[in-house]
Amino acid sequence: MFQKILIANRGEIAVRIIRACRELGIRSVAVYSTVDQDALHTMLADEAICIGRAAPADSYLNMERILSAAIASKADAIHPGFGFLSENAKFAQMCRQCNIVFIGPGADVISKMGNKQEARNTMIAAKVPVVPGTQEPVYRADYGLKLAQDIGFPVMIKAASGGGGKGMRISRSAADFSENFEIAQTESVNGFGDNTMYIEKYIENPRHIEFQILADQHGNVVSLGERDCSVQRRHQKMVEESPSPALDSKLRREMGAVAVRAARAANYESAGTVEFLLDQDKNYYFMEMNTRIQVEHGVTEMVTGLDLIKEQIFIADGQKLRFKQKDIHISGHAIECRLNAEDPERNFMPCPGRIDFLYLPGGNGVRIDSAIFAGYTVPPNYDSMIAKIIVFGKDRETALNKMQSALGEVNVDGITTNLDYQYDIITHPVFRAGEATTGFLEEYFPGERIIR
């Protein structure tokens, strides 16, 4: 087993990994930027090393500085968390060259699944259903338009190296295709340094269903059930739950088996997520594979009783999975709401600043993943998520009521958050009925208030 793990991240995921290491008797090393000197993860880790200024390029995205910190601290492995370098094939390869274990899949797998076009082709070869679309890279709007007309409008224009909603545009006709293509391609170049695009059929108001998988280095792969992530704002997830109210037991087993097949086709190892779109006729299509731990991994942990961070560490250590598919049982229902430092009434403008007072709920079936505290200053340099509120109940109705109660107790003074916005989502009759699709927020929250 590893003696020391460096966490190449910050915020609540860094704290989450530090706690898992502590429970396993593994020493932890935090890295931090100058603005994070007093952050919770630097205080909880066994060691903390400053790696640069606040800008991500000078710190949490600086591969050389992170590796230097790992070598200086004599860390055996690096856990990248999510975001930053977690899906960077070059970083994974550099870790290997430095004889440091990267806790995640290999560089070749990250590269293959990170390129959306190559991932699609891999799934097509494995007979995994995919959304109809292009199989070759698209670089020019005029050529893309011809392909879009063959596919049939509406279409989704996507960056091959994209993620997080960047480099994505919907085109509903030939008249708006070229403009949307150029906007998406510009976002891709600016965000990922890649002008490679692809085009696929746009599925109207689908459900976003993702399956959590674990795969070891010995060919064992299991599905840990699904999460419904349909409630999204501009392709950014807001609420996640497990199991999905849209799936019955038969479809759940079928999609889970397909997710395992997809992971095998990618020669995957570690924790990963296979994401699908589910249309109104219950047809499902592979969308992408995330080669890292997800923000919403805690939802799966609540309904399976497994610790996914520990499982990642065991797998990276070369251990076999300690369970088979027949041993995985989904029990109860879990829901997560993301608490962000942003103002919904000002177009979700980020709202960094000092937290003067903080109260976060607890109690039976309530879990808070966070790195904030009273007196902490939320910096303007990073993602606006400041906490994840996760609840567990014996069934969906119990979990919904528990989440409503938990959100009603949250008190964050000093900064503006999306707390009321999340409360409106959780109490909305469409969401309560389990009928929210990816178009839910656009339809029922087009302005400053929820439409009921």
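All of the points below concern the structure found in this document. (Residues numbered from 1 in each chain as written. Predicted model: local features only at pLDDT ≥ 70, side-chain atom pairs only at ≥ 80, totals over all residues. Heavy atoms only, no water.)

**Observations concerning the side chain of R396**
Relative to the helices and strands, R396 is located in helix α12 (residues 396-409). Reaching out from R396, the side chain makes a polar contact with the side chain of E241 at a distance of 2.7 Å. Aside from chain neighbours lying at most four places away, what touches R396 is E241, P245, H333, F431, R432, A433 and G434. (Helix = DSSP H or I, 4+ residues; strand = E, 2+ residues; numbered from the N terminus. Polar contact = N/O pair within 3.5 Å; in protein donor to acceptor, adjacent residues only side chain to side chain. Contact = heavy atoms within 4.5 Å.)

**A look at the packing of aromatic side chains**
All told, the structure shown has 11 aromatic pairs when counted by the stated rule. Plain terms: the ring middles of F211 and F276 are 6.1 Å apart, the flat faces sit at 85 degrees to each other, and that makes the pair edge-to-face. Highlighted residues: F211 in strand β9 (residues 207-215) and F276 in strand β12 (residues 270-278), separated in sequence by 65 residues. F211 gets classed as buried once you look at its relative accessible area, which sits at 1%. Take F276: its relative accessible area is 0%, and that puts it in the buried class. Between Y421 and F445, the aromatic rings sit 4.4 Å apart at their centres with planes inclined by 35 degrees, giving tilted as the arrangement. Of this pair, Y421 sits in helix α13 (residues 419-427) while F445 sits in the segment after α15 (440-444), placing them 24 residues apart in sequence. (Phe/Tyr/Trp six-rings, centres within 6.5 Å; stacked < 30°, edge-to-face > 60°. Buried < 20%, exposed > 50% of the residue type's maximum accessible area, 1.4 Å probe, protein only.)

**Things to note about the sheet that holds strand β4 (residues 77-79)**
Across the sheet, 5 strands lie side by side as β3-β2-β1-β4-β5; this open sheet has parallel pairing. The sheet is open, and its two edges are formed by β3 (47-52) and β5 (101-102), each paired on a single side. Direction of pairing for strand β1 (residues 4-7) relative to strand β2 (residues 27-33): parallel, over a ladder of 4 bridges. Looking at the pairing, I5 lines up with S28 of β2. This element, helix α1 (residues 11-23), spans β1, β2 and β4 of the sheet and lies at about 175 degrees to β1. (Pairing = 2+ DSSP bridges. Axes fitted to C-alpha atoms, helices over the stretch in contact; angles between N-to-C directions.)

**Regarding the packing of helix α4 (residues 89-97) against helix α5 (residues 107-114)**
Packing of α4 against α5 brings their axes to within 8 Å, and their N-to-C directions diverge by 175 degrees. On the basis of the axis angle, α4 is roughly antiparallel to α5. Facing A89, A92 and Q93 of α4, the residues of α5 in contact are A107, I110 and S111. (Parallel < 35°, antiparallel > 145°, perpendicular 65-115°, else oblique.)

**Topic: the sheet that holds strand β13 (residues 284-290)**
Backbone-to-backbone hydrogen bonds pair the strands of a sheet. The strands run either parallel or antiparallel. Strands sit in the order β13-β12-β9-β10-β11-β14-β21-β19 across an open sheet of 8 strands; the sheet is antiparallel. At either end of the open sheet lies a strand with only one pairing partner, and these are β13 and β19 (366-370). In this sheet, neighbouring strand axes are inclined to one another by 25 degrees on average, regardless of whether the strands run parallel or antiparallel. In terms of strand pairing, β12 meets β13 through 6 bridges, oriented antiparallel. For T273, the partnering residue across the bridge sits in β13 and is N290. Relative to the sheet, α1 contacts β19 and β21 (385-393), its axis offset from that of β19 by approximately 110 degrees.

**Some words on unusual backbone geometry**
Here F153 and P154 are connected by a cis peptide whose omega angle stands at 0 degrees. Its identity is not glycine, yet K74 carries a phi of approximately 60 degrees, on the positive side. As for its placement among the helices and strands, K74 is situated in the loop between α3 (63-73) and β4. Here K74 falls in the exposed class, since its relative accessible area comes to 69%. If you check the backbone angles, S270 has positive phi at about 95 degrees while not being a glycine. Tracing the backbone shows S270 in strand β12. With relative accessibility at 2%, the residue S270 sits in the buried group.

**Some words on the nonpolar core**
Among the nonpolar cores identified, the biggest contains 37 residues, and V231, V239, I426 and F431 are the most heavily contacted of them. The element that contributes the greatest number of residues to this core is α12, accounting for 5 residues. For V231, the contacting residues outside a window of four places in its chain are Q236, K237, M238, V239, I425, F431, A436, F440 and L441. Among the nonpolar cores identified, the runner-up in size contains 31 residues, and A30, L308, I315 and A316 belong to it. (Core = buried A, V, L, I, M, F, W, Y, C linked by side-chain atoms within 4.5 Å.)

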